[in-house]
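Spelled out from the first residue to the last, the chains are:
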Amino acid sequence: MATTRPSGWLALAAVVVALMGLYLLGAGAWLVALGGSWYYAVAGAALLLVAGLLWRRRRAALWLYAAVVLGTLAWALWESGLDWWPLAARGDVVFVVGLLLISAWVARGLDVDDTADRSQTAGDDQRDLDRPPDAQRGPHNAQRHRRWWPARAALAASLALFLVTGIVSWFSHPHRIDGTIARDAANGASRPLSEVPKEDWRAYGRTRAGRRYSPLAQITPQNVSQLTVAWRFETGDLRGQKGDPPETTFEVTPLKIGERLFLCTPHQHVIALDATTGEKIWEYDPKIRGALALQHLTCRGLSYDDGRAAPPPGVERDAAAVRRSSKADLPVAAVDGPTVARCGAKLYMPTADGRIIAIDPDTGSVCKAFGDGSGQIDLWANMPNVNPGGYYSTSPVVVAHGLIIVGGTVLDNVSTHETSGVIRAYDADGGALVWNFDPGNPDETAPIAPDATYTPNSPNSWSIASVDPQLGLVYLPMGNAPPDQYGAKRGPAEERFSSSVVALELDTGKLRWVFQTVHHDLWDYDVPAQPSLVDLRIDGQTVPALVQPTKQGDLYVLDRRSGKPLLPVAEKPAPQGAALDDRTAPTQPSSALSFAPKPLEGRDMWGATMFDQLACRIAFHRLRYDGRFTPPSRQGTLVYPGNFGVFNWGGVAVDPVREVAFTTPAYLAFVSKLVPRANDRELYVQPDGSAPPGSLPALNENFGAPFAVKLEPFVSPLGIPCQAPPWGYVAAADLRTGEIVWRHRNGTVRDRAPIPLPFRMGVPDLGGPIVTASGVAFLSGTLDYYVRGYDVTTGEQLWRARLPAGGQATPMTYLGKDGRQYLVVVAGGHGSLGTKAGDSVIAYALPSG
């Protein structure tokens, strides 16, 4: 009772299904052993049976495959519901192979009855099958059709059900929150906190309050779709020059003062443009010197001082006072280019080699009277562990009360012996040191003695500060004491100030209050964004508030006078079990207003197909993961959200009238693995980025700690995130109630996928949003190359324009001398994200006339 072997398409189908079954059975059994889903192993066994039946040309193969399709659909709905992307990953291959099996090329080869031998017709049938389907006219064709038609119809029906379910899921939005923000001007009491003309943008967040809110209303939800390019300027400063670190980025938000725009480039050039035409007026090159140990090369912006503030009490404004105020551990080179004796207004430019240079905004000349007579101050003065490039201010300084207040970035995860995270205030006119807040020695804020040094390895403030001049306070988001994933050697001061928001008195630098967002941070959850200052109506009273976004997704709304929470903050139990002599905090704070993701489960794993999804599920179960704040481990810990952050340096935009925050939460998981160090001399990463033979690669050396750390995104073998999309949203939150009013997926994978997929999956962004008084928000930082406009009331996307490169910067808006409102976007890409590099500054406006 032998049957003939299959040939052609039927044989191919049998082999394909067998290979699928072998992989799913083997890898699925591994997943079961790890405590994961049984589906893959069961499906693999069923597919091997299908393959055997196909090889023997039995019609039962179609019946059994129909059962596999229905079982897969039921399992997919149970795990993911009507969520299209997870549903598609579970069923795409099963569906496509099902289409192959019901094709005439395959199904007509299944002529063998499951209980009777029909070999006497096999020779005639096989010869008939060798012809094209429309030419098969043998005497047995009608009989064969009657035999395989019911099985083929059953499989077709199961595929049709899968297809209908997929169509329904495409139009469902399980992650979407629909709501509406009141359009009326609810809050008329919010103070401006600084005198910035409405037509200008004079600080990183437009004002020192850091709201990223413009009172302009010419561009509205009704006409934003009419925006067109008004002008475009290329800086000529492109990523990829010799010596550039991987994270070389064009993150600047330009300033607009009077009729000019001022911006800086990744390689530290300062450029002035005509704000209406985009024509270059001047350019200044500070000539960065020497080899620098840079992890980042960027400039997020400049700072502006109109020169009207009186000197702080007791400050001498002369070069001798500056020279007496500090000791420089590095020789400070003379500045290049033209100079002027004294400037009224000034621009302040932080440089990668650790200087602050004062520039005349009218001419681009260096203001010689600033600093020690060279037009600059040296940020390496009185610093320990001097390593050129290991410390500088990537963010603009803050200007208030006649002072410039400076923090800086330190090398992350290189060693336990880095420089200080000190925050310093200098006289804005002369550059003399006025006070210093050293997180390792917080009680001594008087200017340090010339021969003394600050505390090494203390927490730093690398992001943007905010100021309330009426309260006389400056608010600083704080980083972590390095290294990020090991904290056994941190002292009480480091523990107190790491990953916190600190309020200091403007005139003295004395601590007013500190609010910590993560206790004993082992996850690089430093506070990344500028605090936004806004007055809120609470219980019939106007309360000065501070809104602080965090990497872990919490938005803390605090009384900025005292640091007390205005929305509830709870201490929740945290996972325990740190490595070696380290420890974990028993609890961690959690805000009532939070975009923190729900903990991941096996069902949340994703992939382009069921195969890489299975690989992700195996990887998930092999990692240590007990939810948010799972400590790093030698086994490998899943960190979710990862240190990319739900929010990063772009922060949020706050509408002080509606008392809402326009936010852009992002969700990416990372893996943190501790790699034991044999000694402090062995390099785990060579200067060329390779790992020595026989050693494990580690991205973070952590000299002085018992571990190096391998830190990488949690991705599938195909390089896509292992967690299911959406990975990025736009969302609005009511700052008085803590309610998330609306939330929508944002962005596509057009510029990340092998083929340009236009679907709005929801992708991460890096770069902040802005909002305007008319109720329009703008964002350019998504991983696809677009700038978009949104209706703040509903979250609806109203407009988008294609960018020539990644737009990982915060836009800004202003009024030109022609009376038109301009939107300016920087498109320069981001080295770490791999977005396309560029050097474009693009202005959009409504058509003139």
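On a predicted model such as this, the values are computed, not experimentally measured, just so you know. (Residues numbered from 1 in each chain as written. Predicted model: local features only at pLDDT ≥ 70, side-chain atom pairs only at ≥ 80, totals over all residues. Heavy atoms only, no water.)

A. Local environment of the nonpolar core. If you look at the biggest cluster of nonpolar residues, it comprises 53 residues, and the most contacted ones within it are Trp-231, Phe-778, Trp-799 and Tyr-844. Ranked by residue count, the leading element in this core is strand 42 (residues 821-827), at six residues. (Core = buried A, V, L, I, M, F, W, Y, C linked by side-chain atoms within 4.5 Å. Buried < 20%, exposed > 50% of the residue type's maximum accessible area, 1.4 Å probe, protein only. Helix = DSSP H or I, 4+ residues; strand = E, 2+ residues; numbered from the N terminus.)

B. Region of interest: the pattern of salt bridges. This model, assessed by the stated rule, comprises 31 salt bridges. In this structure, Asp-306 and Arg-308 form a salt bridge, with 4.0 Å as the shortest nitrogen-oxygen distance. Residue classification places Asp-306 among the partly exposed residues on the basis of a relative accessible area of 31%. We classify Arg-308 as exposed; its relative accessible area is 75%. When the shortest N-O distance is used, the salt bridge between Asp-429 and Lys-346 registers 2.9 Å. You can see Asp-429 sitting in the loop between strand 19 (423-427) and strand 20 (433-437) and its partner Lys-346 sitting in strand 11 (residues 346-350), a full 83 residues away along the chain. A cluster of three or more residues bridged by salt bridges with shared partners is formed by Glu-79, Arg-90 and Arg-617. (Salt bridge = Lys/Arg side-chain N within 4 Å of Asp/Glu carboxyl O.)

C. Quick look at the state of the cysteines. The final tally for this structure, using the stated rule, is three disulfides. In this model, Cys-264 is linked to Cys-299 through a disulfide, with the two sulfur atoms separated by 2.0 Å. On the sign convention where negative means left-handed, the S-S torsion of about -85° between Cys-264 and Cys-299 marks this disulfide as left-handed. Separated by 35 residues along the polypeptide, Cys-264 in strand 5 (residues 260-264) and Cys-299 in the loop between strand 8 (296-297) and strand 9 (303-305) bring together distant segments of the chain. Each of the two residues, Cys-264 as well as Cys-299, counts as buried. Each disulfide pairs two cysteine sulfurs, and for Cys-343 the partner residue is Cys-367, the sulfurs being separated by 1.9 Å. Where Cys-343 bonds to Cys-367 through sulfur, the torsion about that S-S bond is close to -105°, and the disulfide is left-handed. Remark: Cys-367 occurs in strand 13 (residues 366-367) and Cys-343 occurs in the loop between strand 10 (339-340) and strand 11; sequence separation between them is 24 residues. The burial state of Cys-343 is the same as that of Cys-367; both residues are buried. The connectivity of the disulfides in the protein chain is 1-2, 3-4, 5-6, where the numbers refer to bonded cysteines in sequence order. (Disulfide = S-S within 2.5 Å.)

D. Up close: the sheet that holds strand 24 (residues 511-516). Ordered in space as 21-22-23-24, the four strands form an open sheet in which the pairing is antiparallel. Each having just a single partner strand, strand 21 (466-468) and strand 24 make up the two edges of the open sheet. Strand-to-strand twist in this sheet, taken as the mean axis angle between neighbours without regard to direction, amounts to 15°. As paired elements, strand 21 and strand 22 (residues 473-477) share three bridges and run antiparallel to each other. Its bridge partner lying in strand 22, Ser-466 is registered against Tyr-475. (Pairing = 2+ DSSP bridges. Axes fitted to C-alpha atoms, helices over the stretch in contact; angles between N-to-C directions.)

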